[in-house]
Amino acid sequence: MNTVIAPGPVLAVHTFKVEGMTCASCVGRVEKALESVVRVESASINLATEKATVQAAPDVSIDMLTAAVEKAGYEVPRDTVVLSISGMTCASCVARVERALMKIPGVTHASVNLATEKAQITAISVPIERLIAVVETAGYDAALPVDAAATESKPNSRLPAWWPVAVSALLSLPLVVPMLGMPFDYHWNLPGWLQLVLATPVQFWLGARFYKAGWKALLARSGNMDLLVAIGTSAAYALSVYLLVTHGDHEGMGHLYFESSAVVITLVLLGKWLEARAKHQTVAALRALESLRASEAIVRRNGQDLVVPVAQVRLGDEVIVRPGDRVPVDGTVVEGSSHLDESLLTGESLPVTKTVGDAVTGGAVNAEGMLILRTTAVGSDTMLSNIIKLVEDAQAVKAPIQRLVDKVSAVFVPVVLVISVVTFFAWGLLTGDWQQALLNAVAVQVIACPCALGLATPTSIMAGTGVAARYGILIKDAEALEIAHAVDIVAFDKTGTLTEGRPAVVAIEAIARSEREVLELAQAVQQYSDHPLAKAVQAEATRQGVSPRAVSAAQALPGRGVRADTNGTTVFLGNRRLLHEIGLETTGLEYAARLHESAGRTVSWLALKKGDACELAGLLSFGDTLKPSAKAAVERLREIGVSSVMLTGDNSGSARAVASAVGISDFHAEVLPAAKANLVATLKANGKTVAMVGDGINDAPALASADVGIAMSTGTDVAMHTAGITLMRGDPILIADAIDISRKTYRKIQQNLGWAFIYNVVGIPLAAMGYLSPVIAGAAMAFSSVCVVTNALLLRRWRPTLSNGAKP
């Protein structure tokens, strides 16, 4: 969106895109909607460019205009932009960047993450150049993110990141050594001029970053950690220079404080370096996913096998994957069979068998066989790209608890500066020792640590979402991760969630024949059919090692079943209507059929006709089999204090059977999609925090209605887009694991924030009372940030629980 001030009366001119218009009447409707907004002077729409130009009073916000357009039934597209921000050092910096971005007309949301040093911005027609310019005006550097994988692959001739710490330590060490001798009654000092020579490069060369960042903060009328360090160390350095100049360089000149300024800068540099290393580890899972991207693919075109960049692969291309190669694109196997390692994508450690017709995900590693795939998704549409985006988004967005930190950070630095000034004058006026007063004031500034506050939440979120992704639990946003820790009840869909979502033969009933013979005849008549029940018969026959019989005259009987001839006998397999057509009664198996049907299963009758004689041979009962870990998943939830309820559109018999099998006592059958959402809303109204688990389009309303939506990746895209958490293996045991990692992450956030708050509440008064020297204060400040990040990194040791309760 572009905004300028129109000549004449003071009016703001807003320009933005409008989607969904098809004709002149649409244009008139949108213009009328915009002009109905109070204090809008004029509105015009260009149908060709799909742009609206609105003149309005300056207090008319873009949100008001957008709401008017959307109420009229049209859309104002919003862009999501991610920028890399450099120069931030603490939570105060984060707040300042966010405030600057939110002041831009058209920006509807801005979230800055100190740990990843990225800003995620949602805006309406705002040029990226303007976003970057505003960030730079606020005192920081901004740019579009660089491909990390590409950057790491390039040769790096720069100095290592630790060199400023090493040089600063070498220069500061001679200043510290005399202090180490004091407890042993060794009193000696370096000459004052030598102390000045050693401390000056530390202060103004290696410590220049603090002056630059602090000056930018002042220009933005704000404060940050760098400003505190710059003021504090400059005061100690200036006092030492003053004493050196006024008292001369001789043994009786008294103590100088060059070591305080130099060592504080060294310790802060050390802390920032350790912090950066630790933050680098928090995104290890994301880098591992990035590394799964293949750079080249072997494409078969016009009978030739060509090696091309992955970006040049097109939908429908045939791609060859050799043994040991990484799958470059999403596709379907059209030739060959093999085993694929999908562990980094799904968390499943065992190789997965792939054969003709199976879907294959880019990023998996092919084992022993050669595969030929037909490409179904490339670029940003692949599963791997979607996974990476989900993890990136989760790590970029703030958790709700961070709002408290932002409020504290907004006033933190000014309050610390006030406390420092009060400390200086209180000590000076009460004791008359202005040197000690200055040192205590410096200690107050140095020990204050907004860094720990700023890093407490994002580092925990990054570590938690990263380790969860490694084991097949994709958390879309930080809010879902935070809310999931409080889940009281999990509402399950049945089909595809607790069950496999596809029919299988669950029982065979026979008359005057063996069950195996009934299965053999059913397989013979179904072997050329693609019907789901036919596939279930084929699968059961393969499992039992039944070989197909030769048949002829195979024929589908729409709405009734199938028939075929084998060895002079006509075999019929179908419903009751088919039996009635050939003149057979179901008397011999009616009771068994009723039992199966009452359990919600589908029954197919097998009949034989030889000449004019017909006989009932048996029946096959089809049901949706439970997932192997379904019962264990419900039990595991019960163990961690979470109750379960099942909501399904299936009949009550089927719902009762599944609920009983998995141990759920509360279930609702024959529930329409809207009713599912209403039931979830009712559970929430009773004071419960509800997680909804589903996999289908019909589950989307309930997923959106729940506090936390959990989708199975084996389901529809709609379900995954609606849910806050996606389980890549479609394994219900991961539901308890998702809640578990959420609880542990939230506990880390609480621990880190508690440590950061307590550290400042205790440390600042101690420094003000003179119990801490600037050197000790500097060490403690660096230690606090490292502790927060290290504590968050402990989440990387988390492992999911298997069905039997063991850890993998």
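The model shown is predicted, which means the values in this text are computed figures rather than measured ones.

A count of helices and strands for the chain gives 28 helices and 30 strands. Per-residue burial over the chain gives 50% buried out of 808 residues. A sequence separation of at least 24 residues applies to 67% of the contacts in the chain between residues at least 6 apart. Total accessible area on the chain stands at roughly 36000 Å², and carbon and sulfur atoms take up 58% of it.

Turning to a nonpolar patch on the surface, a few remarks are in order. A cluster of nonpolar residues, Ile-758, Val-761, Val-762, Leu-766, Met-769 and Tyr-771, forms a patch on the protein surface that exposes about 600 Å² of accessible area. Checked against the element boundaries, Tyr-771 lands in the loop between helix H27 (733–768) and helix H28 (774–793).

Time to look at the pattern of salt bridges. When their charged atoms lie close together, side chains carrying opposite charge are able to pair. Counted under the stated rule, the structure contains 17 salt bridges. Its salt-bridge partner being Arg-374, residue Glu-318 comes within 3.2 Å of it at the nearest N-O pair. Taken together, the residues span a long stretch of sequence, with Glu-318 in strand S11 (residues 318–321) and Arg-374 in strand S17 (residues 371–377) at a distance of 56 residues. When the shortest N-O distance is used, the salt bridge between Arg-577 and Glu-581 registers 3.9 Å. Of this pair, Arg-577 and Glu-581 both sit in helix H20 (residues 576–581), 4 residues apart, roughly one helical turn. A residue is classified by how much of its surface remains accessible, and Glu-581, at 44% relative accessible area, is partly exposed. Ionic contacts of the salt-bridge type, sharing partners, join the residues Arg-513, Glu-517 and Glu-615 into one network.

Spatial ordering of the open sheet is given by S14-S13-S16, a layout of 3 strands whose pairing is antiparallel. Unpaired on one side and paired on the other, strand S14 (352–354) and strand S16 (365–366) mark the two borders of the sheet. As paired strands, strand S13 (residues 338–341) and S14 are joined by 3 bridges and run antiparallel to one another. In the strand pairing of S14, His-339 is matched with Thr-353.

This part covers the packing of aromatic side chains. Taken as a whole and judged by the stated rule, the model has 8 aromatic pairs. Ring geometry for Trp-163 and Trp-205: centres 5.7 Å apart, planes at 40°, overall tilted. Placement of the pair is Trp-163 in helix H6 (residues 163–181) and Trp-205 in helix H7 (residues 192–206), with a sequence separation of 42 residues. You can call Trp-163 partly exposed: its relative accessible area is 28%. Centre to centre, the rings of Tyr-471 and Trp-798 are 6.1 Å apart; their planes meet at 75°, and the pair counts as edge-to-face. You can see Tyr-471 sitting in the loop between helix H16 (450–470) and strand S18 (473–475) and its partner Trp-798 sitting in the segment after H28, a full 327 residues away along the chain. Judged by its relative accessible area of 15%, Tyr-471 is buried.

Attention now goes to helix H8 (residues 208–219). Taking 1.5 Å per residue, 12 residues should reach 16 Å; H8 reaches 17 Å between its end C-alpha atoms and fits that length. Inspection of H8 places Ala-208, Phe-210, Ala-213, Gly-214 and Ala-217 among the buried residues, and these make up the whole buried set.

Let's shift gears to the confidence of the model for the chain. Of all residues in the chain, 84% have pLDDT values of 70 or greater, and the mean over the chain is 79. Taken element by element, the chain is modelled with least confidence in helix H5 (residues 148–153), mean pLDDT 44, and with most confidence in strand S19 (residues 489–492), mean pLDDT 92. Low pLDDT (under 50) marks residues 4–8, which in the prediction has 8 contacts with non-local residues, meaning those over four places away or in another chain. Counted against residues more than four places away or in other chains, residues 803–808, with its pLDDT under 50, gives 12 contacts.

Calculation criteria
Residues numbered from 1 in each chain as written. Predicted model: local features only at pLDDT ≥ 70, side-chain atom pairs only at ≥ 80, totals over all residues. Heavy atoms only, no water. Helix = DSSP H or I, 4+ residues; strand = E, 2+ residues; numbered from the N terminus. Buried < 20%, exposed > 50% of the residue type's maximum accessible area, 1.4 Å probe, protein only. Contact = heavy atoms within 4.5 Å. Areas by Shrake-Rupley, 256 points an atom, 1.4 Å probe, with all protein chains shown as cover. Patch = residues over 30% accessible without salt bridge, like charges linked within 9 Å, V, L, I, M, F, W, Y side chains within 5 Å. Salt bridge = Lys/Arg side-chain N within 4 Å of Asp/Glu carboxyl O. Pairing = 2+ DSSP bridges. Phe/Tyr/Trp six-rings, centres within 6.5 Å; stacked < 30°, edge-to-face > 60°. Expected span 1.5 Å × (residues − 1). pLDDT = per-residue confidence, 0-100.

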